Every structure is written in C-alpha cells, then in structure tokens.
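Each chain, written out:
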Amino acid sequence: MKLESLFEIKENRLFKLSDGTEVNTAALFVFDADQKNIEIDDDVYNEEFLADLRNKLKGLDEEAKFALIKIISDEKLDSEDKIETYINTFNHTARRIKDCVSVTGFLLSENFLAAGKGAVEEFIEVLAKKHPQYIHFASKDLCEKYGLLDLPLVHI
C-alpha cells in the first residue's frame with residue numbers, strides 16, 4: 001500500500017497539499033525511538049517494538065492527528081557503516097509503519113546531522129525510493145551548526 005503525500009516543503013516550512021496552508025509543526029506528535037530498541041543486533045529488528053509503534057500511530061490515524069518519528073542513537077556516527085546502519089534502521093521502521101497516514105515523516109537527530117550533508121542526502125534518497133510521502137525534519141539551529149540549511153528539511 002503506497003500512501004500519497006499530504007504535505008510539501010516550501011522554504012523549509014511544512015504546508016498541506018490539500019489547501020496550501022502552513023502546518024504548525026509544534027502540534028505534531030514526536031515519537032522518540034532509540035535505535036537500540038529497534039535494531040537489537042546487526043540487521044535484526046525488534047518487530048514487537050515496531051508493531052507497538054504502528055499500533056500507536058494507527059490510533060493517531062483514527063484521530064486525524066499527525067506525528068514524526070525520531071530515531072535517536074547515543075552512538076557517534078563517524079563511519080560509513082554506522083551511517084548506513086542508522087539509515088537502514090529508519091528505512092526498516094518506515095516499512096513497518098508504511099500504512100500509517102499519521103506519519104508525516106522523520107525528525108533527524110543531532111548525531112545524524114553531525115555526520116554531514118552527504119549522509120543526510122543519502123538518507124533522503126534511500127527513504128524516497130519506497131516512501132516518497134515522508135517529509136524530513138531537523139532543528140534549524142542544528143542545520144545552521146552543521147551547514148545543512150540548503151537541504152530539503154522542514155526546520156522546527
């Protein structure tokens with residue numbers, strides 16, 4: 001099941017496609033998910049955790065509310081392998097929640113933004129292959145700090 005995009009980015013802000021109105025991003029729910037709770041071993045994912053997250057998101061679907069998923073990691077993403085693992089964790093999570101209309105997109109954590117422009121561009125490209133409806137979010141301050149202001153991210 002492929003969901004249609006409900007939102008678009010204009011000048012690093014979020015707008016509804018249906019009527020062009022700007023969305024108050026402060027009203028979006030943020031679900032923090034620790035990478036260790038999702039990927040419990042190399043390429044082994046905690047499907048029970050993801051099923052629980054999906055159930056919570058489906059509840060928001062019923063209420064016509066929207067959410068962001070933030071996968072956090074306390075690990076410094078200082079190698080290609082670590083960056084790839086982080087991206088794969090997001091991508092696997094996206095597969096498990098792909099039918100949840102409530103998911104607006106993903107909030108990128110500081111340790112991932114610190115990995116640099118190439119990593120963020122790769123993240124956007126990988127997720128867009130199967131999940132083009134998702135919008136990606138990041139703190140404006142962190143985008144300034146890491147030189148990412150020109151990327152297609154909604155600043156929150």
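Residues numbered from 1 in each chain as written. Predicted model: local features only at pLDDT ≥ 70, side-chain atom pairs only at ≥ 80, totals over all residues. Heavy atoms only, no water.

Bringing helix α2 (residues 47-63) into the picture now. Taking 1.5 Å as the rise per residue, α2 with 17 residues should run 24 Å; its terminal C-alpha atoms sit 24 Å apart, in good agreement. Where α2 is buried, its residues contact β3 (29-34), α1 (35-38), β5 (44-45), β6 (67-72), α3 (80-96) and β7 (103-107). N-capping of α2 is provided by Asn46, with a side-chain oxygen placed 3.2 Å from the backbone N of Glu48. Of the residues flanking the end of α2, it is Ala64, one or two places downstream, whose phi is positive at about 55°. (Helix = DSSP H or I, 4+ residues; strand = E, 2+ residues; numbered from the N terminus. Expected span 1.5 Å × (residues − 1). Contact = heavy atoms within 4.5 Å. Polar contact = N/O pair within 3.5 Å; in protein donor to acceptor, adjacent residues only side chain to side chain.)

In this structure the tally under the stated criterion is 14 salt bridges. Between Arg13 and Glu11 there is a salt bridge whose closest N-O contact spans 3.9 Å. Of the charged contacts in the structure, one is a salt bridge between Glu47 and Arg96, with a shortest N-O distance of 2.8 Å. Of the two residues, Glu47 sits in helix α2 while Arg96 sits in helix α3, which places them 49 residues apart along the sequence. Salt bridges linked by common partners bring Arg54, Lys58, Asp61 and Asp99 together as one network. (Salt bridge = Lys/Arg side-chain N within 4 Å of Asp/Glu carboxyl O.)

The subject of this paragraph is the confidence of the model for the protein chain. The pLDDT averaged across the protein chain works out to 94; a share of 99% of its residues lies at or above 70. Ranking the elements of the protein chain by mean pLDDT puts strand β4 (residues 39-41) last, at 91, and helix α6 (residues 140-146) first, at 97. (pLDDT = per-residue confidence, 0-100.)

Right, let's talk about a negative patch on the surface for a bit. A surface patch of negative charge is lined by Asp41, Asp42, Asp43, Glu80, Asp81, Glu84, Glu121, Glu122 and Glu125. Secondary structure elements with two or more residues in the negative patch: α3 and α5 (117-130). Locating Asp81 in the fold gives a position in helix α3. (Patch = residues over 30% accessible without salt bridge, like charges linked within 9 Å, V, L, I, M, F, W, Y side chains within 5 Å. Areas by Shrake-Rupley, 256 points an atom, 1.4 Å probe, with all protein chains shown as cover. Lys, Arg positive; Asp, Glu negative; His and termini not counted. Charge placed at Lys NZ, Arg CZ, Asp CG, Glu CD.)

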